[in-house]
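Coordinate analysis (summary)
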Amino acid sequence: MSFYVYLSGEIHTDWREEIQQGAEAAGLDVVFTAPVTDHAASDAAGDHLGIPADGFWRDHQSSKVNAIRTRTLIEQADLVVVRFGDKYKQWNAAFDAGYCAALAKPYITLHGEEIVHPLKEVDAQAQAWCTTTDQVVETLRYVLKA
């Protein structure tokens, strides 16, 4: 059985690779998907439609093009891992978690203890809160091999 996992959130560290390598080392049959993690490419996702003069409308246009990928991959996923880093505010990750909650799509949050309070509502809907990528891999191992 292949299990589809969407890796949402923070793009400034190698957490995605750590989870993918851990799942492979554990022999898990997991297909991972993710948003576009190249920040400049993501910001320019709608530029082929014409670049609006106002930055707000450029962001609006590109976010809609990005949403095609994000919504499709979240809907196809069996599980979503939502990573919140401590350096930047990942509003998109919070939105993805809310979308999962609205779809009744299982998700795991991945973040440090220092941001538990601002994420209390997001964590309350999650099926698990992990602080390390190893905990995410162990959760996947349990779900797939228990």
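In the block above lies the structure referred to throughout.
Everything in this summary refers to the structure shown in the same document. This one's a predicted model, so the numbers in the text were calculated from it and none came from an experiment.

Let us look at the overall build of the chain. The secondary structure content of the chain amounts to 6 helices and 5 strands. In sequence order, the chain lays out its α and β elements as β-α-β-α-α-β-α-β-α-β-α. Compactness check: the chain gives a C-alpha radius of gyration of 16 Å against a globular reference of 15 Å for 146 residues, within 12% of the reference. Across its three principal axes, the chain shows a C-alpha extent of roughly 55 × 35 × 30 Å. Sorting the 146 residues of the chain into buried and exposed places 38% on the buried side. A fraction of 61% describes how many contacts in the chain between residues 6 or more apart in sequence connect residues 24 or more apart. In the form shown here, the chain has an accessible surface area of approximately 8,500 Å², with 54% of it arising from carbon and sulfur atoms.

The pairing of strands in a sheet happens through backbone hydrogen bonds and is either parallel or antiparallel. A sheet is described by the order of its strands in space; here 5 strands give the open sequence β2-β1-β3-β4-β5, paired in parallel fashion. Only two strands of the sheet have a single partner each, and these edge strands are β2 (30–33) and β5 (128–130). For this sheet, the mean inter-axis angle between neighbouring strands, taken without regard to orientation, is 25°. With 3 bridges connecting them, strand β4 (residues 107–110) and β5 associate as parallel partners. By the bridge assignment for β5, Leu 110 is matched with Cys 130.

Bringing the pattern of salt bridges into the picture now. For the structure on display, the rule yields 4 salt bridges. Asp 47 is the salt-bridge partner of Arg 58, the closest N and O atoms lying 2.7 Å from each other. Here the residue Arg 58 occupies a position in helix α3 (residues 55–76), and Asp 47 occupies one in the loop between α2 (39–43) and α3, the gap between them amounting to 11 residues. The salt bridge involving Arg 141 is made with Glu 138; its shortest N-O contact spans 2.7 Å. Note that Arg 141 and Glu 138 are positioned in helix α6 (residues 133–145) at a spacing of 3 residues, about one turn of the helix. You can call Arg 141 partly exposed: its relative accessible area is 29%.

With that settled, the discussion passes to the packing of helix α1 (residues 15–25) against α6. Interaxial distance between α1 and α6 falls to 9 Å at its minimum, and their mutual angle equals 40°. One way to sum up the angle between α1 and α6 is to call them oblique. For the pair α1 and α6, the crossing hand works out as right-handed. Residues Trp 15, Glu 18, Ile 19, Gly 22 and Ala 23 of α1 touch α6, and the partners they reach there are Thr 133, Val 136, Val 137 and Leu 140. Among the residues forming the contact of α1 with α6, the class breakdown is 6 nonpolar, 2 polar and 1 charged.

Parameters at a glance
Residues numbered from 1 in each chain as written. Predicted model: local features only at pLDDT ≥ 70, side-chain atom pairs only at ≥ 80, totals over all residues. Heavy atoms only, no water. Helix = DSSP H or I, 4+ residues; strand = E, 2+ residues; numbered from the N terminus. Rg over C-alpha atoms; globule rule 2.2 N^0.38 Å. Buried < 20%, exposed > 50% of the residue type's maximum accessible area, 1.4 Å probe, protein only. Contact = heavy atoms within 4.5 Å. Areas by Shrake-Rupley, 256 points an atom, 1.4 Å probe, with all protein chains shown as cover. Pairing = 2+ DSSP bridges. Axes fitted to C-alpha atoms, helices over the stretch in contact; angles between N-to-C directions. Salt bridge = Lys/Arg side-chain N within 4 Å of Asp/Glu carboxyl O. Parallel < 35°, antiparallel > 145°, perpendicular 65-115°, else oblique. Left-handed = near helix turned anticlockwise from the far one by under 90°. Nonpolar A, V, L, I, M, F, W, Y, C, P; charged D, E, K, R; others polar.

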